[in-house]
Amino acid sequence: MPNDPIDREFRLDVAAIARERGTFELKLPIAELPRLAGTLSSDACELAVQVTGDTTRRREPRITCIIRGSVVTDCQRCLEPLQQRIDIRSQLVFVADETRLPAVEDEEPEVDYLVLEAALDLRELVQDEVILALPVAPAHAPGACQAPASGVGTESRSAFATLARCTE
Ligand SMILES: [Zn+2]
């Protein structure tokens, strides 16, 4: 691509990608996302991020961001690793200044409105979206595990450890 819409710091030129209706994909290692890594039990995984730009009918830049992959948290019940599938689609519409933000009743559901700045930090966006998508108290399915105090067999422990991989 002649004009790369994203720089090495993962800052996205929103106006350019929207104007060009560009799309690109990248892999973001969890290790590059410190806020998210702090809430997970492993930073070995990576997330696949697809970003597409276009404009709304009112010619506002719009970004659609699809984040896929899996991350590993600790189960709040048995404290063993727990894989969480990540499959997030988020849409952002950028307005020139705060006076252009739509009234709450006019906002489309599933769309976030932001005031356009020179560049969007893609890492911040991905971290916000994934942290919001994760359950507050992640746990295996009810009945699938028990608190360590009541005794968890080594077989079930290793089964969970095998499940908790980065890959799909
Ligand atoms: Zn568990």
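Quick look at the structure, then. Keep in mind it's a predicted model, so treat the numbers as computed, not measured.

1. A short note on the overall build of the chain
Per the secondary structure count, the chain includes 4 helices and 7 strands. Mapped from its N terminus to its C terminus, the chain presents α and β elements in the order β-α-β-α-β-β-β-β-β-α-α. Expressed as a percentage of its 168 residues, the buried residues of the chain come to 22%. Sequence-distant contacts in the chain: of pairs separated by 6 or more residues, those separated by 24 or more amount to 60%.

2. Quick word on the sheet that holds strand 2 (residues 23-29)
In spatial order, the strands read 2-3-4-5-6; together these 5 strands make up an open sheet with mixed pairing. Among the strands making up the open sheet, the edge pair consists of strand 2 and strand 6 (111-115). Recorded for the sheet is a direction-independent mean angle of 25° between the axes of neighbouring strands. As paired elements, strand 2 and strand 3 (residues 46-55) share 7 bridges and run antiparallel to each other. Bridged to Glu25 within strand 3 is Gln50. Against the sheet, helix 3 (residues 122-133) contacts strand 2, strand 3, strand 4 (61-74) and strand 5 (81-95), and its axis sits at roughly 125° relative to strand 5.

3. Considering the nonpolar core
Ranked by internal contacts, the top residues of the largest apolar core, which has 25 residues, are Leu12, Val14, Ile30, Val49 and Val126. Within the residue set of this core, elements represented by two or more residues are helix 1 (14-19), strand 3, strand 4, strand 5 and helix 3.

4. Considerations on the pairing of strand 4
Taken residue by residue, a regular strand's side chains alternate between the two faces of the sheet. Inspection of the sheet shows strand 3 paired to strand 4 by 9 bridges, in the antiparallel sense. Following the sheet pairing, Gln50 is matched in strand 4 by Ile66. Where strand 3 folds back on strand 4, the antiparallel hairpin that results is connected by 5 residues, among which Arg59 adopts a positive phi of roughly 65°. By the bridge criterion, 13 bridges tie strand 4 to strand 5 in an arrangement that is antiparallel. When the sheet's bridge partners are listed, Ser70 is paired in strand 5 with Arg85. Connecting the antiparallel pair strand 4 and strand 5 is a turn made up of 6 residues, with Leu79 showing a positive phi of about 70°.

5. Things to note about the environment of Glu9
Along the chain, Glu9 falls in the segment before strand 1 (11-12). Each C-alpha atom, one on Glu9 and one on Asp121, is 7.9 Å from the other, the two residues being 112 residues apart in sequence.

6. Some words on unusual backbone geometry
Positive phi, normally seen in glycine, also occurs at Phe10, with a value near 65°. Among the secondary structure elements, Phe10 is positioned in the segment before strand 1. Given 19 C-beta atoms within a 10 Å radius, Phe10 is considered partly exposed. In this structure, Arg59 is a non-glycine residue whose phi angle is positive, near 65°.

The rules we used
- Residues numbered from 1 in each chain as written.
- Predicted model: local features only at pLDDT ≥ 70, side-chain atom pairs only at ≥ 80, totals over all residues.
- Helix = DSSP H or I, 4+ residues; strand = E, 2+ residues; numbered from the N terminus.
- Buried ≥ 20, exposed ≤ 12 C-beta atoms within 10 Å, placed from the backbone.
- Contact = placed C-beta atoms within 7 Å.
- Pairing = 2+ DSSP bridges.
- Axes fitted to C-alpha atoms, helices over the stretch in contact; angles between N-to-C directions.
- Core = buried A, V, L, I, M, F, W, Y, C linked by C-beta atoms within 7 Å.

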